[in-house]
There are 2 protein chains.
Amino acid sequence: MQGLNFSPTLAINERVGRARRRGEHVLHMGFGQSPFPVHRLIQEALAANADKNMYLPSAGLDALRSAALGYLAGRSGFDGREFDAIIGPGSKELIYDVQLAVEGDLLLPVPSWVSYGPQAAILGDRVIKIPTTLAGHHHVTAESLHEAIVASRRAAGNPRKLILNYPSNPSGLTLTADRLRQIAGVCRDHGILVISDEIYGLVAHDQNHVSIARFYPEGTIVTTGLSKHLSLGGYRLGVALVPRCQRPVFDAMVRIASETWSTVSSPVQFAAVKAFEGHPEIEAYIQTCARIHGLVSGFVRDAVVALGVEYPELQGAFYLYPNFGVFREALRKDWGVETSEQLARDLIDRVGLATLPGTAFGDDPTTLALRLATCDFDGQAALAYYADHPDSTPESFVPACCPNVALACERLGEYFKLPT
Amino acid sequence: MQGLNFSPTLAINERVGRARRRGEHVLHMGFGQSPFPVHRLIQEALAANADKNMYLPSAGLDALRSAALGYLAGRSGFDGREFDAIIGPGSKELIYDVQLAVEGDLLLPVPSWVSYGPQAAILGDRVIKIPTTLAGHHHVTAESLHEAIVASRRAAGNPRKLILNYPSNPSGLTLTADRLRQIAGVCRDHGILVISDEIYGLVAHDQNHVSIARFYPEGTIVTTGLSKHLSLGGYRLGVALVPRCQRPVFDAMVRIASETWSTVSSPVQFAAVKAFEGHPEIEAYIQTCARIHGLVSGFVRDAVVALGVEYPELQGAFYLYPNFGVFREALRKDWGVETSEQLARDLIDRVGLATLPGTAFGDDPTTLALRLATCDFDGQAALAYYADHPDSTPESFVPACCPNVALACERLGEYFKLPT
């Protein structure tokens, strides 16, 4: 385990926490945790199920499995009847379990979320990185995927699985239905299993998420959970939807569960049923939270663009992944900054702003990309302000109720007011 | 993952559950789940923390880690100052994480709990089985351990870790302080890390549990949780106590956590603090539950002995592991039963009694051992009866308030009334 680092997102969160406990005013664009409170109905459901101490089946509570499947398939545009659900202690664990269950090389777009690659490393699986471009919204294209598969096979590789994540952490950009259809075609041709991480599906700012499972139901495992759209990261409940025709993978995942984490906390599972019932109050809450994330991250995106850094309109989640390469010469000459890790450290040191360097997402050290998370605001205050000002724009909303985000953008501007 | 079977304990539980839903009256000696309700104070603590949706550190909530460490070290007779705690989603997952973090061959007593070996198989680690005897209370001796290590090294093996489990599932027997001291000596001499699974420590019927960490603090990782003594299996919270001098193992475990299960459910962690505060009401509850387990399992042990099968007095947990080899000839001649798996199936078919075969615990197929779990009773009813009859004996208690256990013993007697 020597080569394995502590997950950088969790590490930076703990580091900022410690600095804050020392009284330092560090602004936190490093850790993406949706800041809204637990919805009242879900709190009540958890409290009402505090007496549930029995082990549930490893695949999860039947009522929860079917509620989650129906709900998620319906909101992601595919036919749930072709799938079976497994409930796990977070979608991260379920992704690890799929990687463990399915041997072979992992096709991984760059940039991609911090834990996919390290999971493959724990399992000794080879990672085949697929570069992406900002013009391509930092997602694979059918062409780049096809080329990566062919090149890997030519080099005696064994590409078997691909992880997609849309809306994406770190880019805040998603995949269109057209591109998903094209990617599905390539995967079908080459027999590639897709692990489709759709944890931000219901944080699509326009609530228009579509899953690749619509186009490739026989080869897609959808993973998601409650962490993002309901701000329930701390509850630890994830869902994997596995095609019925992939029965050996489903069985292997349940066997792995039964030998490791057993089953998810019973009170949490019973409470989670409430999240998948389509209760109008909860549905409205999900929509409001997604809209607020759109406002706040839109504000940060505008601030980045104002610096002269190109970035598309954001589509979901609460991140963006700008490349500050336009400042490369000045950063090197003035401050000796040549890598994204140096840049991230320099931002903490000079302006007290925490971000994550591109290397955490698989990018080359000299690519001056940072992931900016846009969640450092008080969810309760933002909800209250939004209730009174439903027609807010990013420019009116953030200064009014997200002071840390506004200040972070100021500090970012200050830092990059370099003599270019 | 082809060779990996679904955990047999969970599998039998689900199988019996299905049979019962079909209306069959199967008696369940297959699954060990403590049947008492969640203590009121812990239910209240969970309800009060339903709003906790933030990710906690991967090693766990600080207040919980220190409370758990102090509490467990104090009740297991060792110096907690030499240890650090990690909170995980069940001790099973934490044992898997230790096995993943520490490379090398696993020394495993036979019989031992069903998941240790499969975990090693998932990780591709070699398992070195160490036979035990009923006379040795189904635990390793210093001699058998020493011999196994030497023999393995002679065969170019690399024994690095040993799992002990006391009080033991499946035997219901524990290790004395003297034997622990001797085993510690062998482990120290050979540089073997002990994974000391003490999940039943507070279900020692006389509440006299001592950990090997007293004798081998530098090389013992204690794993435990709330599942057994507080009947909180469904809550999914385990604890690992790692020696401070084993910092690389601690760090590797936290890194593994950060890349897989992240952290344990926040409301559960906050609620669990209550379990480690030494609250007198909870302490009395733990003691009462352990005593009732002693009464019930003592009744089953007496029933087994009455059949002519040797078994020591039980010391903890809620199991026993009798060997029905005395009936070997009759079983073979009359019913064609020659293996423990055939015996377990035959018991379900002929008398509707579910047990687990010795093979699930690593024993040879022809060893006619079964694990009998003694938890198929109504915890609430047992508590009520015990409150009125604190001086109960096994013979008075079980017939009065554990009808399924009494009936299971009758059916066992009926089955083995063979023409020997």
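Analysis parameters
Residues numbered from 1 in each chain as written. Chains lettered and ligands numbered in written order. Predicted model: local features only at pLDDT ≥ 70, side-chain atom pairs only at ≥ 80, totals over all residues. Helix = DSSP H or I, 4+ residues; strand = E, 2+ residues; numbered from the N terminus. Rg over C-alpha atoms; globule rule 2.2 N^0.38 Å. Buried ≥ 20, exposed ≤ 12 C-beta atoms within 10 Å, placed from the backbone. Contact = placed C-beta atoms within 7 Å. Pairing = 2+ DSSP bridges. Least-squares fit on C-alpha atoms with pLDDT ≥ 70 in both. Nonpolar A, V, L, I, M, F, W, Y, C, P; charged D, E, K, R; others polar. Domains from an automatic or database assignment.

Engineer: Just checking my understanding: could you explain the overall build of chain A for this structure?
Structural biologist: The helix and strand inventory of chain A stands at 15 helices and 12 strands. Taken against the 2.2 N^0.38 rule, which gives 22 Å for 420 residues, the C-alpha radius of gyration of chain A at 21 Å falls within 12% of a compact globule. In terms of overall dimensions, chain A has C-alpha extents of about 60 × 55 × 40 Å along its principal axes. The 420 residues of chain A split such that 59% are buried. Of the contacts formed within chain A by residues at least 6 apart in sequence, a portion of 74% connects residues at least 24 apart.

Engineer: Teacher, can you tell me more about the sheet that holds strand S11 (residues 356-357) of chain A here?
Structural biologist: Strand-to-strand pairing in sheets goes through backbone hydrogen bonds, with the strands running parallel or antiparallel. All names here are of chain A. The sheet built from 3 strands is open, its strands ordered S9-S12-S11 with antiparallel pairing. Bordering the open sheet on either side are strand S9 (319-320) and S11, each of which pairs with just one other strand. Pairing between S11 and strand S12 (residues 370-373): 2 bridges, direction antiparallel. Bridged to leucine 356 within S12 is arginine 371.

Engineer: Hey, could you run me through the relation of the copies chain A and chain B in this one?
Structural biologist: Two chain copies here: they are related by a rotation about an axis and a translation along the same axis. Its rotation angle being 180°, the transformation that places chain A on chain B also includes 0.0 Å of axial translation and leaves an RMSD of 0.0 Å. With respect to symmetry, the two chain copies, as superposed, fit the operation of a two-fold axis. Relative to the rotation axis, the C-alpha of alanine 47 of chain A is the closest in chain A, positioned 2.0 Å from it.

Engineer: Looking at this structure, how should I read the interface of chain A and chain B?
Structural biologist: Interfaces are often sized by the amount of accessible area the parts lose when they come together. The interface of chain A with chain B comprises 52 residues on the first partner and 52 residues on the second. Of all the secondary-structure elements, those providing two or more residues to the side of chain A that touches chain B are helix H1 (8-21), helix H2 (40-48), helix H4 (91-101), helix H5 (116-123), helix H8 (247-259) and helix H9 (266-273) of chain A. Broken down by element, the side of chain A that touches chain B gets its largest block of residues, 6 residues, from H8 of chain A. Across the side of chain A that touches chain B, the residue classes break down as 27 nonpolar, 17 polar and 8 charged.

Engineer: Is there a simple way to explain the domain arrangement of chain A in this structure?
Structural biologist: Residues and elements named next belong to chain A. Looking at the assigned domains, one finds that chain A contains domain 1 (8-31 + 281-415) and domain 2 (53-277). Put simply, the middle of domain 1 and the middle of domain 2, counted by C-alpha atoms, are 26 Å apart. At the junction of the two partners, domain 1 supplies 28 residues and domain 2 supplies 28 residues. Counting only elements with at least two residues in the side of domain 1 that touches domain 2, the list comes to H1, helix H10 (280-306) and S9. With 9 residues, H10 is the single largest residue contributor to the side of domain 1 that touches domain 2. Per-class residue counts for the side of domain 1 that touches domain 2 are 14 nonpolar, 10 polar and 4 charged.

Engineer: Would you take a moment to explain helix H5 (residues 116-123) of chain B for this structure?
Structural biologist: An α-helix turns once every 3.6 residues. As a result, residues three or four positions apart point the same way. Counting buried residues in H5 of chain B gives 6 out of 8 residues, a clear majority hidden from the surface. Where H5 of chain B is buried, its residues contact H8 of chain A together with helix H4 (91-101), strand S3 (105-110), strand S4 (127-131) and strand S5 (159-165) of chain B.

Engineer: Would you mind going over the pairing of strand S6 (residues 193-197) of chain A with me for this structure?
Structural biologist: Every other side chain in a regular strand lies on the same face of the sheet, so the side chains alternate between the two faces. Residue and element names in this part refer to chain A. Across the 5 residues that make up S6, a large majority, 5, are buried. One ladder, built from 5 bridges, connects strand S5 (residues 159-165) with S6; its direction is parallel. Looking across to S6, one finds that leucine 164 is bridged to serine 196. Examined bridge by bridge, S6 and strand S7 (residues 220-225) share 4 bridges and lie parallel to one another. Within S7, the position partnered with aspartate 197 by the bridge is threonine 223.

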